[in-house]
Every structure is written in structure tokens, then in C-alpha cells.
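# Chain and residue survey
These are the residues of each chain, in order.
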Amino acid sequence: TFCKRVRANDRDYNEKFQYASNCIMTSKYNIITFLPVNLFEQFQEVANTYFLFLLILQLIPQISSLSWFTTIVPLVLVLSITAVKDATDDYFRHKSDNQVNNRQSQVLIGGILQKEKWMNVRVGDIIKLENNQFVAADLLLLSSSEPHGLCYIETAELDGETNMKVRQSLSVTSELGDPNNLAQFDGEVVCEPPNNKLDRFCGTLYWKDCKYPLSNQNMLLRGCVLRNTESCYGLVIFAGPDTKLMQNSGRTKFKRTSIDRLMNTLVLWIFGFLVCMGVILAIGNAVWEKEVGALFQSFLPWDPPVDNFLFSAFLSFWSYVIILNTVVPISLYVSVEVIRLGHSYFINWDRRMFCSRSNTAAEARTTTLNEELGQVEYIFSDKTGTLTQNIMTFNKCSINGHTYGEEQHMARVQALDFSAWNPLAARDFCFYDQSLLDAVMEGEPAVHEFFRVLSLCHTVMSEEKSEGELLYKAQSPDEGALVTAARNFGFVFRSRTPGTVTTQELGKAVTYTLLAILDFNNIRKRMSVIVRNPEGRIRLYCKGADTVLFERLHSCNHELMNVTSDHLNEYAGDGLRTLAVAYRDLSEEQWEEWSEHFRGADKATDCRDDRLAAAYEEIEQDMMLLGATAIEDKLQEGVPETIAILSLANIKIWVLTGDKQETAVNIGYSCKMLTDDMTEIFIVNGHTVQSVREELRYNGDVCPSKCPPPQAPPPSLLESISGEFALIISGHSLAHALEADMEREFLETACACRAVICCRVTPLQKALVVELVKRHKKAVTLAIGDGANDVSMIKTAHIGVGISGQEGIQAVLASDYSFSQFRFLQRLLLVHGRWSYLRMCRFLCYFFYKNFAFTMVHFWFGFFCGFSAQTVYDQYFITLYNIVYTSLPVLAMGIFDQDVPEQRSLEYPKLYEPGQLNLLFNKREFFICIAQGIYTSVVLFFIPYGVLSHATQSNGVPLADYQTFAVTTATALVIVVSVQIALDTGYWTAINHFFIWGSLGTYFTILFAMHSSILFNIFPKQFHFLGDAHNTLGQPVVWLTIALATVICIAPVLAFRFLKLDLKPQLSDTKKRKPGASGSTLGRLGRGGSRRSGYAFAHQEGFGELITSGKNMRLSSLALATFASRHSSSWIDTLQKVILNSFNISQYTVFTFFYELNESFFI
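Rules of the game
- Residues numbered from 1 in each chain as written.
- Predicted model: local features only at pLDDT ≥ 70, side-chain atom pairs only at ≥ 80, totals over all residues.
- Heavy atoms only, no water.
- UniProt positions renumbered as here; feature names shortened; annotations may be inferred.
- Helix = DSSP H or I, 4+ residues; strand = E, 2+ residues; numbered from the N terminus.
- Buried < 20%, exposed > 50% of the residue type's maximum accessible area, 1.4 Å probe, protein only.
- Contact = heavy atoms within 4.5 Å.
- Areas by Shrake-Rupley, 256 points an atom, 1.4 Å probe, with all protein chains shown as cover.
- Expected span 1.5 Å × (residues − 1).
- Bend = angle between axes of the 7 residues up to and from the residue.
- Polar contact = N/O pair within 3.5 Å; in protein donor to acceptor, adjacent residues only side chain to side chain.
- Salt bridge = Lys/Arg side-chain N within 4 Å of Asp/Glu carboxyl O.
- Pairing = 2+ DSSP bridges.
- Axes fitted to C-alpha atoms, helices over the stretch in contact; angles between N-to-C directions.
- Patch = residues over 30% accessible without salt bridge, like charges linked within 9 Å, V, L, I, M, F, W, Y side chains within 5 Å.

For the protein chain, the name recorded in an unreviewed UniProt entry is Phospholipid-transporting ATPase, with Cyprinus carpio as its organism. Quoted straight from UniProt, the Sequence similarities (unreviewed entry) entry for the protein chain says "Belongs to the cation transport ATPase (P-type) (TC 3.A.3) family. Type IV subfamily." According to the UniProt record, the Catalytic activity (unreviewed entry) comment for the protein chain is "ATP + H2O + phospholipidSide 1 = ADP + phosphate + phospholipidSide 2."

What follows is the structure in C-alpha cells.
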């Protein structure tokens, strides 16, 4: 339903609808809202609310045994640090928003072009764009400097594609190129409301009592860049947050790790445990006050307002809640933030994740998700720009039964130098097989005809910027690679008109009459051209999928077809994209008869497409096979190895792409996600709910939920992930599979497969697939992409990773982590992620242990002090215990600890599995930690209590006093927890040594300082333990007591760990001691098994008709048809001279520049 109305050049009319302005705002706060909103967000954390509640209790003198500053100082510190971090992040968002909002654009106001900031552009304005400018808003293209209202755009910010795409204005507005004419334009557009569908637009233009349908082909979306077009004008339809770019960005979701969620649960449990202890001690207080305390009322009355034992118990309960609150100290949350910040800096500083080519370092854009990187089970990846470079290279070919290009992978082989004998050769084209160049020189007819097909059968446009400098505008990168290959081997496509194609064949200009283009589509899987050469011979040239072409060959091609099939089989095994090439000679009579049928089908008003398909089928028969091409869709460096290693770490990788099925499957084989050794590859391609359900059920019956484990260790890393099942599903089938009654069936089938590839999916479907796995599998998900069409997926996943580089920055801006190469993902997860998870788990286990050991001593002491809420330690020790005495050692462990070196983490991906299974910190581990802490507290209280109650000094004075007991217990506690962290530390650095032993030294220094006469003389009411440290620690029996308590606390831990290491060692225990590297070396694997077509072609339907109509051609291009005499001198002599020295050639870097001249789906 159309519900948006926009009238050109009429701001007053459009403002009635209160459309969004073009000002964008991705920030969360402003100066006024920052403090209340940020505090509100922070107090949504259970722990912060808990500590605020304790602070309020400590302000009540009747129940507080501790000073209020013991809680308010760390609470304010935590809130301040978090607020500063949030404010800094939001400042950069404001800065980015201002930079975009203050860009300049030319707006037509009152018939005059005026410069306006982007934020001031309004819906209904007409703006002018110039070459290489960003599109300011979603525009309806009105006119262009190009012929027929065409303009070319780059959509890297939207879909990661760097190829050019073509957009065309309506013919009725294409002549409004003058500002005066555009100022008079008062058309009204009625269209769909704002949405996030990048590939679709529905609307109608009403102008001069006529209406004209509008489609996505007429739209320029915000984030695109105008390329190769001098200027154009557009009408603003959607602005600011209503644009499709911003609609896909969505709101930033607050992501939390599974450890954070568990911590919230544990805090509630601990609070419940705290209440239980308070209730027990309060009941004890009531009993004691009734039975014993009543006897002392005459000389030790209750303090007002206490007037009975029940009220005394009530106040005692709250007093113990305050005293025992250190089981979860606020310093825990400060330490967690510091550790996460340190882990983020390690990622930023990692030189092995730095790409020197693009000068891009890895960046942790958030500090809250690092440990979640060590728990990932599902990776959802885009294809183009993420797994691939979006660069096609001509690698191999088969011509007349001979295969060429085998030498290109050999070491020390230089690329052929074409420039010495071919002045029109592309300098960046690389080929390594000298024998193909020899065949061209020797004039082999099949080789010449092969390259002639490549130079004629295409829809590429050519532009000659200067003498001999050709620039190809290819509608698909595949075509660009093939035409460039023909160009370098001497068959140069120079120019075209609607009726001719001009080439230069080995130095001789040849003009062919273009009789017909039989256009490509996804059903035909082939395209053909019919041309007449200068001698008058008519020939059809065809290229397409081998499975389609082989069915249409003449019977005499059987032997050649078998040989070529073997070559295609080999190319497909190497992951190359293949096309078969054929031709057919036509007589004049055959052409005339067929052209009549073709013209009739072309002019048909009903079933035109079916009639054209039948006409094409009629002529594309009895063809003669020439050979096949093999193009490499260049993967990002290290993609197959990365996928193999991640698979061995039990991480499942799903590819979600907007590309066609053939292309996606081809890349699946290239990066070894799919292999020919797999038991079966399921393809779900149904168009109805019932057909999709049947296909899923059939696949679910065939595919078991679990595959049997391998009986023997795999011989190589890549071979270890072969076999089993894969699922390939198209976008229209996925739409049905994601419905509520079928999603579980789809998920069960997909999760039982080794690899899943979803083709032709929309950005919304990408997000829905991620959400489905999050909701039902309860597993940590990671999404990685490079374009705006990946933003929804990146924000939906637990962890979002953006690929930075030439494809735009929208994915990076929405991501949690970013880097420039997919291969860095294995280091991010297996090294940084695994270490972050390990360190955080060890940190939490130790932290809960040491605080339960510290706090529970108060609980036991309550039974010996009349349940009076008296503390064991002085308040300064309580304040400094978590801030000074034990904070730095556990921080050092949380930041620097390792179980195995980084190289072992990469060599043994199975080390990653404990994080996926959440083995290192869970409810069971938590209870073990607090049990050890409680045991330690029992030893630390009762051993000193038992010894000191009967001990005396050397002069006979008893040691059984409160102050001596407090110092002895505190000293034993600090020593025990220091020895424990020394045992827990797996990777010692100078920092660990300094912090652990330095903290012990700091404790004794502060202890003697606080018990000195100097502080007592200055603050007599604050420091009561005058000289007690010197007296207590000077007694040998005290040190024997401390030593005994330490041994009793630590001995069981040592015994348990030695037994566990000997009887049930973990994988990390065995690998850290194993000498030498035993990791497998990854390489390209050959392919065995049954015949598989490597066909893939990124071409789009409809461009042939655009060429034959001449709409996309400039006058300069048409004039080039007369240049036949240019470069008429033969190259043969030059070629014969150069070929003798052809082995002394230089190597060039592969680079191909393409222009895609038709609408592309999301890739």
C-alpha cells in the first residue's frame, strides 16, 4: 500500500506530513540527558543497585559497623569510570554524525542551485550530484549528463560491491537537465513507506495528468557514490533516518556476555546466601540477648532505641548484611572492566592482525565482549568482500582438448610479458603458461577462434581515454576477466555500436556486424551473439554452463567433449568458475529464417519471454565445442585454511549471501566448505510452503543428527573436515523455512550439516537466520560482513565483526570488532578469544574464593562474640583488602595469564572447545570456588583461635586477646590467598612476580605503619591497635600458627591438582609440555569423486537489449566505428621477434577494474 506522497519543489506541502529531516543521529545522549540516562542504564545492573542499597544501610549509625566511605568510594569510582567510557564513545558518535550532517550538497531553491548542508536537505528538494560525490539521501533520478538518463553508481557502502551499477531516469524526466526546467517540475511521487529493502522500490510519479511506474532502477540510495557520470539531478524521496541505509543500520543493541548474565544470577544467589547468614546470626543474637545479655542489663544496658531482644536481633541482621557484603565487593566490577580493557588493547596492538597493504589494524570497538570470543559456536559470514576479494582472474583454459595454465602455480615462473608485442595489452593481466602464447603465435585456428569468441560474445562497453588506453566497463567481473584475457592474447575488443563490434586481431582491425544478442538469464545459463564477419560468413558464438552447452553440441564433438569434461572436472576441483565455449556456422538462409521467428517473438505482446526462449533454443543447436574457460574468484588470503581450522575447533560456518546459487556453491568449494567427499549436499529450492517442507523432511531423514567420529586421526587438516553433509537453500525457500511452524525443522536439518549456504537472501533474512540460531540453540553466534546489507546480521549476533577496506565502512561502524582480512578471524577467536575467556574464568574463580575466605571468618566469629556484629579485622584492613592487598595480583593473572603459547592455540583448535561448553566458569565451578573459600575461612578462624587461646608470650603473658587474634588471622589470610594465586598462575611474567610479592610487602608495610605510634599520636580515635603488629608478629608461635594454617589450606589443593593432572589431564595440560610443532601445513587440495560442474557466472539479464538499442552509448563510442585504419600495421613481425625472449619477462600485480552496468542483487 502506497502511503507516502512527495511533491517536487514544494516544501510547504511536504512539511504537512512531518517527514524526517536529513539530519542523522546515531548518538545516545546529549548534555542534558547524559547524567540521568547513563545512571539509569548503570543501575539496571543488579550489582550497582545492590551496592547502592548497602550504602544507604551504612548511613544508618545504629546498624553500621563500617564507615560509609568503604562503599561509596568504590561505587562512585565504578560509576565514574563507566560514565567516562560511555561519554567518550558517544562523543565520537556525535563527531561522526556532525561530519556527515555538515557535508555540502547543491540544492535547487527558487530556480537557483544553492549550497546547503546535508542536515538542511528536505524531502521534495531537487539536488545536484557531481562525479565522485556521495548521495545525500534516497533520490529519484530525474536526469543525467549521460545519454538516455543513465548514471553509474558504486554501492560499496550498501552491499560491499565495488562494481559499477547503472541507474536510469524515466524518459519523461531525462530531458529536464537544465535547472530552469527542473525548477518548474512539480511532479508528485506516491510510494511505499520507509523500509530496509535495498533491492526494491515501488512507487508512481504523477505529472502532467499522466502516471509513470517507478522501480529500484530509478533510485539513487544514500551511501552510494556517483561514478563516471559528470552530473545528475535527483528528487529527495526519503531523508535521514528514513533512508534505506539508516533503516538497515537499526538501533544499536546493548550486548552482554554469557558470563555477565551468569554473574547477575550469581549475585542474586549470593545475596540470598547473605540474607540466610544474616538470619542465622540474627536468630543467634536474639537467643543470646534473651538468655545471656539480659543478665548484664544493670551495667551494660541496650543502646537506644533498642528495648527488647527482638529489636536487637532485627538491627543485628542489617549489621551483618553490611559486614558480610564483601562476598561480592564492588572492586570485582572495577577489575572486570580493567581486564576487558587490557584484552581490547592486546587485540588493537596485535601486529599479526595488521594488514600492511591497506594499512589497517585490528580494532576492538567494544570492551565488553572479549571473553565471548572464546565461546563462539556459529559463524555467519557474507561472501563478496568477506570471503572473496570481488576480483576475477583468468587462470586456465581448455582449447581443442589441450589445457593451458598449469604452470601458474609453479615457483620461479614469471608472468608473461604481453606489452612488448601487444601495445594494447592490459598491464595488470597475469598469465604464466608460455605454451598458450606459442599457440597464438603459431596461428592455431582453434586457439584463434577461442579468443575470438571471448572478444565478441559479451556485453562489455569500451572507452578509449587516450591513444591505446582502453577502459572496459563490464556488467559483471566474469566478463571483464574474459575480455581482458582475449585482449592480452591479441584479440582486442575496441568498441561497439548497436549494430557492430570492432576488434583488433593480432594487430589488424576487424569490424563484425552484430546481428543479434541472445541474452543471458538464470534459466538459460548461457549467452550467444550472432555476427557477420567482413568476408560475409555468419557465425553464432556461445558461452555458458557446460551442463547446458554439452546438450546442444553436434554429435561429432563426443570425443572432444569427454576430454574437455575431464579438464572442467579438474578446474572445478580447484574451485575455479568455468564456462564452456562453442560456435555454429549459419547459412544465409538459416539466418533469414530464424531472424523472422526472432523478430516475431520479440514483438509479441503475450508470453514474450517464453517465445524468445524458444527462438533462442532453436538456433543454439548442433554447435561445435571450442573449449572452456576457468576463472578464479579470488578468495581473501588464507580463507580455506581459516575455515578448516575453525571447523576443527567445532565452529560451524554458515554463508549468508545475496549472490546466485551457482556462484555461492562455487565459492563454497573454493574455500573448502564443500568437498566432493561429502556424503550428500542437499539443495532446498522450493517455491511453496509444501515443497520446502517436503525437501527439508527428506533431507532430515537422510541426514543424521550426529555423524560418527573418525576412527583414525586424519592425515591432513583439510581432509579432516571432509565428508558428512551440507545444505544449500535459496532466499525464496528460506522465507518459507523461517515461518513459525517450519523453523525448528529447518534448524535441525541445518545444524546436522557441516556447512550451510543460504543464497539470494535479503538483509532481513540474514538477521532472522542469526536470531533463529540464537533463540533455539542457546549458542554464541558471530556475524562477519563488509557492507550495509550485513549490518542487521552484525547487530543481531552476539558478536559482530566488520571487514574494513575498500568496500565501505557501514559494517565496521556497526561492528564490535573490525579488521581487514577474514583470515584474522582465526587469531581473534583461537588466540585472543580463548585467552580472554580463560583469563576471565580464572579471575572470577579466584576472586570469589578469596572473598568468601575473607568474609566467612566474620560469620564464624559471630558465634564467639555474642552475635554482636563485631568485625574480626579493623576497618582499614577491610577497606584495603580488595583495593590494595589482593587487587593487583589477580589483575595481573586476568590480563596476562596463558595456559599454552599462542602457536599451540592455533595448532590444536580443540583447545577452543572448553569455552564452547562453558567448562571453566559455570554454576558448578562457582560452588567449588565458594566451598574452597568457606573451607579456608574455617581453617583461618579455628586454627588461630585454638592455638592462641592457650598460647603465651615468652614472658608468660597470654596471647588470647582480640587484637592479636585479628592481626594473626589477617596475616594468615593475605599469605594464603597470595600462595593460592601463585598456584593458579599459569604464565609468569615480571609483572606477576612484582604484583604478588609486592602486595605481600605492601601489606606488612601498611600494617606496621597503621600500628605505629606516629599515626596513633596524630589520630588517636582512628588507630586503636598501637604496637600490636610488632608485638604479635614478634612471637614465634604466631608464625607457626600462620604456617600451619597455610599448609592446611593449600595441601588439599595441591594434592587434588596433582591427582587430576596425573589421572585426568586436560588437553591444554598435555600440549603445553609437548615439544615441537606438529601443526599440519595447509595447501590446495585436488579433487576426486564424481563429475561436478564448476559453472558460475555473475551476469544479469537484460543488458543485451540495452546494447542493441544503443541507449547506453555516447556519440564518441559510435564514432569509433570509423577508426578501422587505426593501428593497421601488423604485430606479427614484432611478435616473432619478442617470442624468442619470452622467458625473460617481468611479473605484474593482478588488478582488474570492472564496471557493472546493471542492477545487482545483494552480494
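Back to the write-up after that little detour.
## A closer look at the overall build of the protein chain
Scanning the protein chain for helices and strands turns up 40 helices and 33 strands. Out of the 1163 residues belonging to the protein chain, those deemed buried represent 58%. Within the protein chain, counting contacts between residues at least 6 apart in sequence, those at least 24 apart form 76% of the total. Accessible surface computed for the protein chain: about 47,600 Å², of which carbon and sulfur atoms make up 57%.

## Concerning helix α26 (residues 824–862)
The terminal C-alpha atoms of α26 lie 56 Å apart, and with 39 residues this matches the ideal 57 Å at 1.5 Å per residue to within 8%. The sharpest bend along α26 reaches about 30° and sits at G833.

## Things to note about helix α9 (residues 309–323)
The terminal C-alpha atoms of α9, which comprises 15 residues, lie 20 Å apart, in line with the 21 Å expected from a rise of 1.5 Å per residue. Every buried residue of α9 is accounted for by S312, A313, L315, S316, F317, S319, Y320, V321, I322 and I323. Here the buried face of α9 lies against α3 (46–58), α8 (258–291) and α26. The N-capping residue of α9, defined by a side-chain oxygen 3.0 Å from the backbone nitrogen of L310, is N308.

## Considering the pattern of salt bridges
Taken as a whole, this structure holds 47 salt bridges when the rule is applied. Where D90 meets R93, a salt bridge forms, and the shortest distance between an N and an O atom there is 2.9 Å. Of the two residues, D90 and R93 are both situated in helix α4 (residues 69–101); the distance of three residues between them amounts to about one turn of the helix. Looking at R93, the relative accessible area reads 26%, which means it is partly exposed. With its nearest N and O atoms 3.3 Å apart, the salt bridge here joins E192 to R200. Through salt bridges that share partners, R524, R526, E551, R552, E617 and E620 make up one connected network.

## A few points about the sheet that holds strand β12 (residues 225–227)
The pairing of strands in a sheet happens through backbone hydrogen bonds and is either parallel or antiparallel. On the basis of which strands lie adjacent, the open sheet formed by three strands has the order β7-β6-β12 and antiparallel pairing. Sheet topology places β7 (164–168) and β12 at the edges, where each strand pairs with a single neighbour. The sheet shows a mean angle of 45° between the axes of neighbouring strands, direction not considered. Taken together, the three bridges between strand β6 (residues 150–154) and β12 define a ladder with antiparallel strand orientation. Residue pairing for β12: E154 is matched across the bridge by V225.

## Some thoughts on the UniProt feature "binding site: Mg(2+)" (unreviewed entry) in the protein chain
Mapped onto the present numbering, the UniProt feature "binding site: Mg(2+)" (unreviewed entry) falls at D382, T384, D786 and D790. Over a stretch of 409 residues, the named residues converge on one spot in the fold, their C-alpha atoms separated by at most 11.0 Å. Among the structural elements, D786 can be located in the loop between β31 (780–785) and α24 (791–796). Of the polar contacts made by the side chain of D786, one reaches the side chain of T386; its length is 3.4 Å. Within the secondary structure, D790 is located in the loop between β31 and α24. A distance of 3.0 Å separates a polar side-chain atom of D790 from the backbone nitrogen of D786.

## Things to note about the sheet that holds strand β13 (residues 231–238)
Strand order in the open sheet formed by six strands is β3-β2-β4-β13-β5-β11, with antiparallel pairing between adjacent strands. Strands with a single pairing partner mark the edges of an open sheet, and in this sheet they are β3 (112–117) and β11 (219–220). In this sheet, β13 lies alongside strand β5 (residues 138–144) in antiparallel orientation, the contact comprising six bridges. In the sheet register, S144 faces β13, and the bridge partner there is C232.

## Focus: a nonpolar patch on the surface
A contiguous nonpolar patch, built from I280, F863, F864, V938, F942 and Y945 and spanning about 510 Å² of accessible area, is present on the exposed surface. It is helix α31 (residues 923–948) that provides the largest number of residues to the nonpolar patch, a total of three residues.

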